[in-house]
Amino acid sequence: MNCSVQENLGFEIAELPADSGGDTTTPKADCDRISSNKSTDGLILVVDDESSVRTTIKAILKKAGYLVNTAEDFRSAVELIEKNDYGVVIADIILPDASGIDVLKYVRGVNEETQLITITGDPNIDTAADAVRAGAYDYITKPIRRDIFLAVIKKAAEKAKLLRDRKELEAQNLLYQKHLEKLVEQRTEQLKASELKYRTLFEYANDSIFLLDCPSGKIVDANQQAVLMTDLKWNKLSGRPFWFLDTTSHPTELKKFCKETINKGHCHLDDVHLKIKGNKVIRADLSAKVVELGDQKQVQVLVRDVTEKKMLEEKQREMEIDLVQEQKLASIGMMASGIAHNLNTPLMGIMGLSQLMIMKLGECEEIKSIIEQANKISTIAKNLMFKSRSEAEKMVVAVDINRLLREELKFLESNLDFKHNVEKDYQLHDPLPPIQAVYSDFSQSLTNIVRNALDAMYNSSTKRLTVRTHLEGDSVLIDIIDTGCGIPKKNISQLFSPFFTTKPIRGDETEGEPTGTGLGLSSAYKLLSPYGVKFDIDSKIGKGTTFTVKIPTAQATAKNKDRIEEAGIIG
Ligand SMILES: Nc1ncnc2c1ncn2[C@@H]1O[C@H](COP(=O)(O)OP(=O)(O)O)[C@@H](O)[C@H]1O
Ligand SMILES: [Mg+2]
């Protein structure tokens, strides 16, 4: 190709450095020394078959600070392009073995950022348009003006640099993104592991754990133990306020507990009654606190089921009380029987001396009366000895309920208020079938019920005690009726619970007021239940109470058959 060099428009040969002018025919490719494969935006390849053009362009570019390689044809250009990353490739549009457009296409295939500039001596529109269509950055027509040429090269090199920087940034971005993704993946795994750990701790805790929404108190989560304890499926627990476990006897206890937790941040409550599936009630210790989960506040409630523990404690306490009572009874019984026994000697003396007096003085009404009264004392002493012996020995005997009631009511007359101020109405249906039982089980229990009737009439203006016995089928029924204060409905279900009392304990009473321990009815229930005895209570506030004891004679006898045979007593 010819290159017209115009002094005023084109290359200034005089500016060429001395060592750069010898690029005439060989070698086919001429390279500035660079480390190969190193990206160099300032590295330029000039492809032209005209040695003078290559030399001139190289000199101008080197002077402008670029590193320059040259090639005289397509094949040697390709070799260089394979080895180096060029910022700009300047190719003549017509080469001996291909076209400048071929160079451009080749470069594109290897390196997207390299900018190509074609040089044409024939600036017809088609060649220029072809070059630009094929992705050339620009084209320069011969003769080349140095200033325009350098300006175009500069821009092309800048664009190449920009593209390369962008590519590098994108690559870095990609790397960073990959790193981030890996980090997120790792963190997610860690979170999953920790979530699993805490979920396991939560699920397999021995206590029930509820998580409540704050402040609505609605259940948002519960562990397996909670589901087991309440015997309710999760969908029956979820979304319900925690206080749906409140019992009817303490309808607002849990609601207050939740409110206090929210106000104070924490709360404890021992021996709470919780209503679970089927209206069953369990006893539990509660401990709650407000916890912050993310940006949400929740109430965590720990529930420890203490039903069995409490029952065992109560049983133990009852047994201790029983033991004390038994010991007391035994010692009173022994003392009574001792007194009764000792009375016999002076009684025998009185009776013997009375007989002697009759022999000496003849029949005399007064002495007969003395003997009669002494006989009465002797009967009382015998009864007392029998009662205390059977109580102490826990023998099963054939008990006549009417006789037992008469004895017990007589003993109660040692209370002067009962003796003088209470109207008595005894309607004892004779004969009643005997009941095979331990005498003291019935004497103690019925006395407790009668004592309650008398206590209830402490403030009554009319004090009347009615005791009725009658037969109903195979059962003996005993009604103990008073005209006392009556029993409020809410108390009825608790009457037989140990320690339930509405009376002041001893020491706190006003003068003459009856005191209570709350053990009378619970011990009656415990003593008589084995006989199949049922209790019925009919009460009106301010009017009085009818307490009915129903003893199934057949069942009571069957229950004690073994004990009766052991004792050698057959009804
Ligand atoms: N006939 C009755 N009239 C009114 N209240 C009664 C009657 N019988 C029992 N009660 C109630 O039952 C409670 C429990 O009775 P009890 O177990 O004998 O214990 P205590 O007599 O020591 O209080 C009494 O405190 C009382 O409130
Ligand atoms: Mg009582």
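See the structure printed just above.
Residues numbered from 1 in each chain as written. Chains lettered and ligands numbered in written order. Predicted model: local features only at pLDDT ≥ 70, side-chain atom pairs only at ≥ 80, totals over all residues. Heavy atoms only, no water.

A.B. asks: So what exactly am I meant to see when it comes to the overall build of the chain here?
C.D. replies: Broken down by element type, the chain carries 17 helices and 18 strands. Each of the 571 residues in the chain was classed as buried or not, and the buried ones make up 39%. Look at the contacts in the chain between residues 6 or more apart in sequence, and 62% of them connect residues 24 or more apart. Surface exposure of the chain reaches about 33,100 Å², of which carbon and sulfur atoms provide 54%. (Helix = DSSP H or I, 4+ residues; strand = E, 2+ residues; numbered from the N terminus. Buried < 20%, exposed > 50% of the residue type's maximum accessible area, 1.4 Å probe, protein only. Contact = heavy atoms within 4.5 Å. Areas by Shrake-Rupley, 256 points an atom, 1.4 Å probe, with all protein chains shown as cover.)

A.B. asks: Explain the pattern of salt bridges to me, please; I cannot follow it from the model alone.
C.D. replies: Side chains that carry opposite charge are capable of pairing whenever their charged atoms lie near each other. In total, this model carries 20 salt bridges according to the counting rule given. For glutamate 189, the salt bridge goes to lysine 192, with nearest N and O atoms at 4.0 Å. Taken together, the residues span about one helical turn, with glutamate 189 and lysine 192 both in helix α5 (residues 146-203) at a distance of three residues. With a relative accessible area of 51%, lysine 192 lands in the exposed category. Each of Arg199, Glu203 and Asp221 takes part in salt bridges that share partners, so that together they form one network. (Salt bridge = Lys/Arg side-chain N within 4 Å of Asp/Glu carboxyl O.)

A.B. asks: For this particular structure, what's the right way to read the pairing of strand β17 (residues 534-540)?
C.D. replies: Looking down a regular strand, the side chains alternate between one sheet face and the other. One ladder, built from seven bridges, connects β17 with strand β18 (residues 544-552); its direction is antiparallel. Paired with phenylalanine 535 across the strands is valine 549, a residue of β18. Counting the residues that bridge the hairpin from β17 to β18 gives three residues, and of these glycine 542 lies at a positive phi of roughly 80°. (Pairing = 2+ DSSP bridges.)

A.B. asks: Just to check I follow, could you spell out the site of ligand 1 for this structure?
C.D. replies: Close to ligand 1 lie 18 residues, the nearest being Thr501, Thr502, Lys503, Thr517 and Gly518. Take lysine 503: an N or O atom from its side chain is 2.6 Å from an oxygen atom of ligand 1. Across the complex, the protein chains shield 93% of the 530 Å² of accessible surface that ligand 1 would expose by itself. Secondary structure elements with two or more residues in the shell around ligand 1: α13 (439-456) and α15 (520-528). It is α13 that provides the largest number of residues to the shell around ligand 1, a total of three residues. (Near = heavy atom within 4 Å. Polar contact = N/O pair within 3.5 Å; in protein donor to acceptor, adjacent residues only side chain to side chain.)

A.B. asks: Just checking my understanding: could you explain a positive patch on the surface for this structure?
C.D. replies: A surface patch of positive charge is lined by Lys233, Lys236, Arg240 and Lys277. Topologically, lysine 236 is positioned in helix α7 (residues 234-237). (Patch = residues over 30% accessible without salt bridge, like charges linked within 9 Å, V, L, I, M, F, W, Y side chains within 5 Å. Lys, Arg positive; Asp, Glu negative; His and termini not counted. Charge placed at Lys NZ, Arg CZ, Asp CG, Glu CD.)

A.B. asks: Would you explain the side chain of lysine 463 in this entry?
C.D. replies: Within the secondary structure, lysine 463 is located in the loop between α13 and β15 (464-472). The side chain of lysine 463 sits in the buried core without any salt bridge; aspartate 417 is the nearest counter-charge, 4.0 Å away. Reaching out from lysine 463, the side chain makes a polar contact with the backbone oxygen of methionine 457 at a distance of 3.5 Å. In terms of polar contacts, lysine 463 uses its side chain to reach the backbone carbonyl oxygen of tyrosine 458, at 3.3 Å.

A.B. asks: I keep staring at unusual backbone geometry and nothing clicks. Help me out?
C.D. replies: Trans peptide bonds make up the majority, and among non-glycine residues the majority have a negative phi. Put simply, cysteine 214 and proline 215 share a cis peptide bond, and its omega is 10°. Locating proline 215 in the fold gives a position in the loop between β7 (208-213) and β8 (219-222). Backbone geometry places aspartate 271, a non-glycine residue, at a positive phi of 50°. Along the chain, the position of aspartate 271 falls in strand β9 (residues 266-275). On the accessibility criterion, aspartate 271 (26% relative accessible area) is partly exposed. The backbone of asparagine 279 sits at a positive phi, close to 55°, despite the residue not being glycine. Note on placement: asparagine 279 falls in the loop between β9 and β10 (281-293).

A.B. asks: Can you help me understand the environment of glycine 135 in this one?
C.D. replies: Following the sequence through the fold, glycine 135 ends up in the loop between α4 (125-133) and β6 (138-141). Residue classification places glycine 135 among the partly exposed positions, given a relative accessible area of 25%. Sequence spacing of glycine 135 and lysine 105 is 30 residues, and the spatial spacing of their C-alpha atoms is 8.1 Å. Those residues in contact with glycine 135, other than ones at most four positions away along the chain, are Leu104 and Arg108.

A.B. asks: Looking at this structure, I do not really get the environment of serine 461. What am I missing?
C.D. replies: Residue position: serine 461 is located in the loop between α13 and β15. Exposure remark for serine 461: the relative accessible area of 78% places this residue in the exposed category. Once the C-alpha coordinates of serine 461 and glycine 484 are considered, the two residues, 23 residues apart in sequence, prove to be 9.0 Å apart.

A.B. asks: Just checking my understanding: could you explain the packing of α13 against α15 for this structure?
C.D. replies: Two measures define how a pair of helices packs: the angle their axes make with one another and the distance between the axes. Axis separation between α13 and α15 bottoms out at 9 Å; the angle between their running directions is 150°. One finds that α13 runs roughly antiparallel with respect to α15. Read as a crossing pair, α13 and α15 show a hand that is left-handed. Counted together, Asp441, Phe442, Gln444, Ser445, Asn448, Ile449 and Asn452 of α13 and Gly520, Leu521, Ser523, Ala524, Leu527 and Leu528 of α15 form the full contact between these two elements. Among the residues forming the contact of α13 with α15, the class breakdown is six nonpolar, six polar and one charged. (Axes fitted to C-alpha atoms, helices over the stretch in contact; angles between N-to-C directions. Parallel < 35°, antiparallel > 145°, perpendicular 65-115°, else oblique. Left-handed = near helix turned anticlockwise from the far one by under 90°. Nonpolar A, V, L, I, M, F, W, Y, C, P; charged D, E, K, R; others polar.)

A.B. asks: Just to check I follow, could you spell out the nonpolar core for this structure?
C.D. replies: Residues Ile401, Phe442, Leu465, Ile478, Ile480, Val549 and Ile551 are the most contacted members of the largest nonpolar core, which totals 40 residues. At seven residues, α13 tops the list of elements feeding residues into this core. For isoleucine 478, the residues in contact, after removing those within four places along its chain, are Ile401, Leu405, Leu446, Arg468, Thr469, Phe547, Thr548, Val549 and Ile551. The next biggest cluster of nonpolar side chains, apart from the first, holds 26 residues, and it includes Cys214, Met229, Val272 and Leu286. (Core = buried A, V, L, I, M, F, W, Y, C linked by side-chain atoms within 4.5 Å.)

A.B. asks: Is there a simple way to think about a nonpolar patch on the surface in this case?
C.D. replies: A cluster of nonpolar side chains, Met335, Ile339, Leu343 and Ile377, forms an exposed patch at the surface whose accessible area comes to about 360 Å². The greatest single-element share of the nonpolar patch, amounting to three residues, is contributed by helix α9 (residues 307-361).

A.B. asks: Please clarify how the packing of aromatic side chains should be interpreted in this entry.
C.D. replies: Given two aromatic rings, their pairing is described by the distance between the two centres and the angle made by the two planes. For the structure on display, the rule yields eight aromatic pairs. Ring geometry for phenylalanine 496 against tyrosine 525: centres 5.6 Å apart, planes inclined by 50°, an arrangement best described as tilted. With phenylalanine 496 in the loop between α14 (489-492) and α15 and tyrosine 525 in helix α15, this pair connects stretches of sequence that are 29 residues apart. The structure contains a cluster of three or more aromatic residues connected by ring pairs, namely Phe496, Tyr525, Phe535 and Phe547. Directly above the ring of phenylalanine 244 sits arginine 240, whose terminal nitrogen or CZ lies 4.0 Å from the centroid. Across from the ring centre of phenylalanine 418, 4.9 Å away, lies the NZ or CZ of lysine 424, which sits over that ring. (Phe/Tyr/Trp six-rings, centres within 6.5 Å; stacked < 30°, edge-to-face > 60°. Lys NZ or Arg CZ within 6 Å of the ring centre and 35° of its normal.)

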